Amino acid sequence: MRFDVLTLFPESMDRLLSESIIGRARDAGFIQIETINIRDYTENKHKKVDDYPYGGGTGMVMTPQPIYSAWQAVMQPLAHLEKKPYTVYMSPQGNVLNQVTAMHLAEKENLIILCGHYEGVDERILEEIVDEEISIGDYVLTGGELPAMVLIDCVSRLVPGVLPSPDAYSEETHYSGLIEYPQYTRPDVFMERNVPDILLSGHHEHIKKWRFLQMLERTKKKRPDMFERYDANNPLAVLEAYGLLPKKKNRKK
């Protein structure tokens, strides 16, 4: 999968996106990340990429020409592809990023991510090139680079080969609609707190049931909104986990 990031500060992203799991995935060729400096494409002799907003107001607005030229520079080499690259604008006005959105984006072959700054970008560029606006939360940041890196990390983990197997993310918080079960490692006892006996039993079926029940309990406690949605969509699974399904009677022949 390929990510092309249109930004004013490519250096701020390159280092972080070259570390840890994402860095190894890039080295192995599972994902490709390119940062494009919007300022390199401005036709302004002073390299300006912003101007005062029409109608007055505070702050500056990113001008459309350098963004569009940078976007075209990315699109032209990919014009032969059957699927058009999908363009995302990181914006506090967009839909809040969640696991469903990440899974949807992970199905794309090419993502172009536009990072805004100042008071945002000229509305006409959004109308011309952007397919979807995405936010990472209901708050405002000084630029789109941090949200873009969050999006890349979140989506990349779902790309085949980036993690060892689908199991590495399929049981995590939000993937199934529930919060993940608690995790433990050595030592068996720490600060007089023991690892639950069930995890030391070696009985995988019992462990699986215990973990699912823990997911339900933790979700109910920490995110009751998520629990209500899950319960509405999976009522039999919840009843079975709590032992509330009526036992089947053996029929006499």
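Residues numbered from 1 in each chain as written. Predicted model: local features only at pLDDT ≥ 70, side-chain atom pairs only at ≥ 80, totals over all residues. Heavy atoms only, no water.

A. The arrangement of the overall build of the protein in detail. Scanning the protein for helices and strands turns up 10 helices and nine strands. Computed over its C-alpha atoms, the radius of gyration of the protein comes to 24 Å, more than 25% above the 18 Å expected for a compact globule of 253 residues. Carbon and sulfur atoms make up 51% of the accessible area of the protein, which totals about 16,400 Å². (Helix = DSSP H or I, 4+ residues; strand = E, 2+ residues; numbered from the N terminus. Rg over C-alpha atoms; globule rule 2.2 N^0.38 Å. Areas by Shrake-Rupley, 256 points an atom, 1.4 Å probe, with all protein chains shown as cover.)

B. Seen up close, the packing of aromatic side chains. Applying the stated criterion across every chain, the model contains two aromatic pairs. Sitting over the ring of Tyr86, Lys108 keeps its end group 4.3 Å from the ring centre. (Phe/Tyr/Trp six-rings, centres within 6.5 Å; stacked < 30°, edge-to-face > 60°. Lys NZ or Arg CZ within 6 Å of the ring centre and 35° of its normal.)

C. The pairing of strand S5 (residues 86-96), seen in detail. When S5 meets strand S6 (residues 110-115), the two strands line up parallel, connected through five bridges. The partner of Met90 across the bridge, within S6, is Cys115. Once the chain exits S5 it traverses helix H4 (residues 99-106) before rejoining the sheet at S6, and the crossover so formed is right-handed. (Pairing = 2+ DSSP bridges. Right-handed = clockwise from strand over helix to strand, strands pointing away.)

D. Region of interest: the sheet that holds strand S2 (residues 32-37). Judged by pairing direction, the sheet is parallel, and its five strands sit side by side in the order S2-S1-S6-S5-S7 without closing on themselves. Both edges of this open sheet fall to S2 and strand S7 (132-135), since each of them pairs with a single strand only. Sheet twist, expressed as the average angle between the axes of neighbouring strands with direction ignored, equals 35 degrees. Relative to strand S1 (residues 2-7), helix H3 (residues 64-75) is tilted by about 160 degrees, and along the sheet it contacts S1, S2, S5 and S6. Helix H6 (residues 145-156) contacts S1, S2, S5, S6 and S7 of the sheet and is inclined by roughly 175 degrees relative to S1. (Axes fitted to C-alpha atoms, helices over the stretch in contact; angles between N-to-C directions. Contact = heavy atoms within 4.5 Å.)

None of this, on its own, says anything about what the molecule does.
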